[in-house]
Amino acid sequence: MLANAELAQDFNRLNQQHKELVSALLDLVNIPPVRVEVEATPEGNFRGFDGGKFYLVDSGSISARYRGRTVYFLEEGDMLLPDIAGLGNRDIAVFYGSEAGASLYSYPALEFMQRVFSDPAAIKLWTRLLITYAGMMLRLTAARTHEDSQATPGFEMFEAGEIIIRQGERADYVFNLSSGSAEVLVDDVIVGRIGEGEIFGAMAALTHADRSATVRAETPCAVVKVPKEQFTDLIKSNPATIHSLLIDMANSIVNLNEQLVGLRSNTRKPQI
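A brief look at the structure comes next.

Cut-offs and rules
- Residues numbered from 1 in each chain as written.
- Predicted model: local features only at pLDDT ≥ 70, side-chain atom pairs only at ≥ 80, totals over all residues.
- Heavy atoms only, no water.
- Helix = DSSP H or I, 4+ residues; strand = E, 2+ residues; numbered from the N terminus.
- Buried < 20%, exposed > 50% of the residue type's maximum accessible area, 1.4 Å probe, protein only.
- Contact = heavy atoms within 4.5 Å.
- Areas by Shrake-Rupley, 256 points an atom, 1.4 Å probe, with all protein chains shown as cover.
- Phe/Tyr/Trp six-rings, centres within 6.5 Å; stacked < 30°, edge-to-face > 60°.
- Lys NZ or Arg CZ within 6 Å of the ring centre and 35° of its normal.
- Polar contact = N/O pair within 3.5 Å; in protein donor to acceptor, adjacent residues only side chain to side chain.
- Core = buried A, V, L, I, M, F, W, Y, C linked by side-chain atoms within 4.5 Å.
- Domains from an automatic or database assignment.
- Pairing = 2+ DSSP bridges.
- Axes fitted to C-alpha atoms, helices over the stretch in contact; angles between N-to-C directions.
- Expected span 1.5 Å × (residues − 1).

**Side note on the overall build of the chain**
Along the backbone of the chain there are 6 helices and 16 strands. Taking all 272 residues of the chain together, the buried fraction comes to 42%. Here the analysis covers contacts within the chain between residues at least 6 apart in sequence; of these, 78% occur between residues at least 24 apart. Carbon and sulfur atoms provide 52% of the accessible area of the chain, an area that totals close to 14,800 Å².

If you want it as structure tokens, here you go:
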């Protein structure tokens, strides 16, 4: 995605990550695409796209225009989703076009999502893709916001040993670990680990409680931060997020149980 605005380097990192997630998801879903050729339509041609399909840009670029203004360009490797294709009302529709034409691959949206929901690995990729996309949109919005308006950060890098979440702090964000690994500590005791792609910090954010544990970067980590209000909306509109959360929470419980078993084994006195 190319933005029609000046954006920081973190947008480029998210953009690259988004493309990698799209590629991985398409490989996992494995639906043969249908090639679609787009003629040059500089002003946009909203009705030229089928709302029942997903599209992947294979070559060229697609512009997204809203109320007569180009907001961003989709380039090779970017996905055009039907839920952002706008409405039938021209006054509030998003129009898509191409300055010089483009080639797309189309996928049936219904079959695509059926395959996603039938595979836990695909659900996890889909959830990460949506969270990464939300982070990109947040930066686009922030780039067009007046300087005196407070912009919410949504992407951070942490070096090994740095604290991502601190026990006892207020829970304002839900996190997705894009890359790296992190340790979970309670009262400075390691009780678990977080791997790449896992969502964490959701329980405290959803229950309005303070953080019950500290999360510390074990290796260099890239983290997407989603405000808890936006995450709540994402859960309501996307059941796959709930499924991914349940998987990550179940893994956390298993890790915690293993830690407890290990502690009990170490504290047993040898029989003499």
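**Observations regarding unusual backbone geometry**
One non-glycine residue, Asn30, lies in positive phi territory at about 55°. As for its placement among the helices and strands, Asn30 is situated in the loop between helix H1 (9-29) and strand E2 (34-38). On the basis of relative accessibility, which here comes to 54%, the residue Asn30 falls in the exposed class. Although it is not a glycine, Asp188 sits at a positive phi angle of roughly 70°. You can see Asp188 is positioned in the loop between strand E12 (182-186) and strand E13 (189-194). For Asp188, a relative accessible area of 74% translates into the label exposed.

**A few points about the packing of aromatic side chains**
Applying the stated rule across the entire model yields 5 aromatic pairs. Here Tyr173 and Phe175 contribute two aromatic rings whose centre-to-centre distance is 6.4 Å and whose plane-to-plane angle is 55°, an arrangement assigned as tilted. Members of the aromatic cluster, connected to one another through ring pairs, are Phe54, Tyr107, Phe112 and Trp126. Residue placement shows Lys225 over the ring face of Tyr173; its charged tip is 4.3 Å from the ring centre.

**Some thoughts on the side chain of Ser103**
Tracing the backbone shows Ser103 in strand E8 (residues 102-108). Side-chain polar atoms of Ser103 contact the side chain of Glu37, separated by 2.7 Å. Excluding anything up to four places from it in sequence, Ser103 contacts Arg35, Val36, Glu37, Leu56, Val57, Asp58 and Ser59.

**Quick look at the nonpolar core**
Buried together is how nonpolar side chains tend to be arranged in soluble globular proteins. If you look at the biggest cluster of nonpolar residues, it comprises 30 residues, and the most contacted ones within it are Met1, Ile62, Tyr72, Leu74 and Tyr96. Element by element, the count of residues in this core is highest for helix H3 (residues 120-143), at 4 residues. Each of domain 1 (9-143) and domain 2 (154-267) contributes no fewer than three residues to this core. One finds Leu21, Tyr107, Met113 and Trp126 within the second-largest nonpolar core, a separate group that totals 21 residues.

**What to know about the sheet that holds strand E14 (residues 199-200)**
One open sheet accounts for 4 strands, arranged E9-E16-E11-E14; its pairing is antiparallel. Looking at which strands have only one partner, the edges of the open sheet turn out to be strand E9 (155-158) and E14. Note that strand E11 (residues 173-179) and E14 share 2 bridges and pair antiparallel. Across the sheet, Asn176 pairs through a bridge with Ile199, a residue of E14. Most of the contacts of H1 go to E9, to which it runs at about 95°, and overall it touches E9, E11 and strand E16 (221-227).

**So, the environment of Ser98**
For Ser98, the location among the structural elements is in the loop between strand E7 (94-97) and E8. On the basis of relative accessibility, which here comes to 1%, the residue Ser98 falls in the buried class. For the pair Ser98 and Phe73, spaced 25 residues apart in the sequence, the C-alpha separation amounts to 9.0 Å.

**Quick notes on H1**
Over its 21 residues, H1 runs 31 Å from end to end, which matches the ideal 30 Å to within 8%, given 1.5 Å per residue. Residues of H1 that are buried include every one of Asp10, Phe11, Leu14, Asn15, Gln17, His18, Lys19, Leu21, Val22, Leu25, Leu26 and Val29, and no others. Two residues or fewer after H1 comes Asn30, characterised by a positive phi angle close to 55°.

**Some thoughts on the side chain of Lys19**
Inspection of the secondary structure puts Lys19 in helix H1. Setting aside residues no more than four positions away along its own chain, Lys19 makes contact with Met1, Glu75, Glu76, Gly77 and Asp78.

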